[in-house]
Structures are given as C-alpha cells and as structure tokens.
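Per-entry structural report
Spelled out from the first residue to the last, the chains are:
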Amino acid sequence: MDSHYYTGGPAPSRLFATALLSKALLSTAMLSMTLLASAALAADGHDLTFQGDASFGGPHGGQAIQAALVDTDSGEVLAVESGTVSADGAPAFSFSFPGALKAGGRYAVDYWIDSNFGGGTAGTCDGMQHDHQWHIPILAGEMATTHVERHDPSAQSAVCASFE
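A short tour of the structure in this document, coming up. Predicted model, so just to flag it, every value in this text is computed and none were measured.

1. Here we look at the sheet that holds strand S7 (residues 106–113)
The four strands are arranged S5-S4-S7-S8 in an open sheet whose pairing can be described as antiparallel. Looking at the sheet topology across the chains shown, the edges are occupied by strand S5 (77–84) and strand S8 (132–139). Adjacent strand axes in the sheet meet at a mean angle of 15°, parallel and antiparallel pairs treated alike. As judged from the seven bridges shared by strand S4 (residues 64–71) and S5, these two strands associate in the antiparallel manner. What sits directly across from isoleucine 65, in S5, is glycine 83.

2. A short note on the packing of aromatic side chains
Per the counting criterion, the structure on display carries nine aromatic pairs. Considering the side-chain rings of tryptophan 112 and phenylalanine 163, the 6.3 Å spacing of their centres and the 70° angle between planes classify their relative orientation as edge-to-face. Within this pair, whereas tryptophan 112 is found in strand S7, its partner phenylalanine 163 is found in the segment after strand S9 (145–149), the two being separated by 51 residues in sequence. Across the pair, phenylalanine 163 and tryptophan 112 agree in class, each one buried.

3. Section: the environment of isoleucine 138
Its location among the elements puts isoleucine 138 in strand S8. Residue isoleucine 138 is classed as buried on the basis of its relative accessible area of 4%. Measuring from C-alpha to C-alpha, the distance between isoleucine 138 and valine 70 comes to 9.5 Å, with 68 residues separating the pair along the chain. With near-sequence residues (within four places) excluded, isoleucine 138 lies in contact with Leu48, Phe50, Leu101, Tyr107, Ala108, Val109 and His147.

4. What about the state of the cysteines?
One pass over the full model with this rule turns up one disulfide. With a sulfur-sulfur separation of 2.1 Å, cysteine 125 is cross-linked through a disulfide to cysteine 160. Taking the torsion about the S-S bond as the criterion, the cysteine 125 to cysteine 160 disulfide, at about -80°, is left-handed. Taken as a pair, cysteine 125 in the loop between S7 and S8 and cysteine 160 in the segment after S9 lie far apart in primary sequence, 35 residues in all. A single burial state applies to cysteine 125 and to cysteine 160, both of which are buried.

5. Overview of the pattern of salt bridges
Taken as a whole and assessed by the stated rule, the structure comprises three salt bridges. The closest approach of N and O atoms between aspartate 53 and arginine 150, which form a salt bridge, is 3.2 Å. Of the two residues, aspartate 53 is situated in the loop between strand S3 (46–52) and helix H2 (57–60) and arginine 150 in the segment after S9; the sequence distance between them amounts to 97 residues. For aspartate 73, the salt bridge is made with arginine 106, and the minimal N-O distance between the two is 2.9 Å. On the criterion of sequence distance, the pair formed by aspartate 73 in the loop between S4 and S5 and arginine 106 in strand S7 is long-range, its members being 33 residues apart. What makes aspartate 73 exposed here is its relative accessible area of 54%.

What counts, and at which threshold
- Residues numbered from 1 in each chain as written.
- Predicted model: local features only at pLDDT ≥ 70, side-chain atom pairs only at ≥ 80, totals over all residues.
- Heavy atoms only, no water.
- Pairing = 2+ DSSP bridges.
- Helix = DSSP H or I, 4+ residues; strand = E, 2+ residues; numbered from the N terminus.
- Axes fitted to C-alpha atoms, helices over the stretch in contact; angles between N-to-C directions.
- Phe/Tyr/Trp six-rings, centres within 6.5 Å; stacked < 30°, edge-to-face > 60°.
- Buried < 20%, exposed > 50% of the residue type's maximum accessible area, 1.4 Å probe, protein only.
- Contact = heavy atoms within 4.5 Å.
- Disulfide = S-S within 2.5 Å.
- Salt bridge = Lys/Arg side-chain N within 4 Å of Asp/Glu carboxyl O.

This is the structure we're talking about:
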C-alpha cells in the first residue's frame, strides 16, 4: 500500500491539512471582504473637523459642549459629539466627524455650551438665555473640511431640538 493513499481516498493527515488550508483561505477571503467594505464606507464621504478658536476660552472655559452634525435636507442628526471647552488651549474645542460629508450635501453643525448663565440645568440644553447655542451651515466639497468658528454670542440660534 502506498504511504500516501489508502483505499478510501487521501490519507487522513493529508485530508486534515487540506481542510485546514481551505478554512484558512476562506477566513482570509472573508477578512479581506470586510476590510474592503470598511474602506469603501470610509472612502464614501469626507471628514469634517469642527473647531472653536481660542476666543471661546474666556467666556466658556471649563464648560461642557455638545455638537451635532445635521443633514439639513432631511433634518436627520447624523452624529453627536461631546467635550469640554478649554480655558486656554487653541483650539478651544475640536470635534471630528469622519467620512460624514458627501460632496454636494447640505449640512450644519448645531452646538451648545452648557453655560447656565442666570439659571438652567447642568447637562441639559436650556434656552439661549441660559446656554449659548449656534447653528453653523457647512458646505461639503470634494475633500475633507476643517471649519474653525469664532465665539459670537450675537449669532445664536435655538438648537436644543437636535439633542433631544
């Protein structure tokens, strides 16, 4: 009897090796497809970085901030990020929305700072008399976008609905 074959087909050790190789190839193929799908999703849109310059530090340093990326055509909130306004850093805050902007899309960043001037509740988006709030249109182009905002209390807009 040939050492490589027996009457029932390939030797058991060879059959086992073939099964292991097949399993490894299948796992590699599935991993490759997953990575390609992830890359396609990430490559589908462009990144948005939304920052506040140092002018926010004096009036809002140490206060909580939330920012929501909104698709203005549908009104859908796409993502919400939270942080704290730096008292002395530049930028005073920075939020990243990776792969979120589609070329030609219409977006806005709604954000509020938990100021609680003259009242309000910590951790809750209160009226503009208590928490500062803004609605900032974002133009989506053909590449990643960085938007740097300057503190302007006169340009406030009610945005608490984006955080409900």
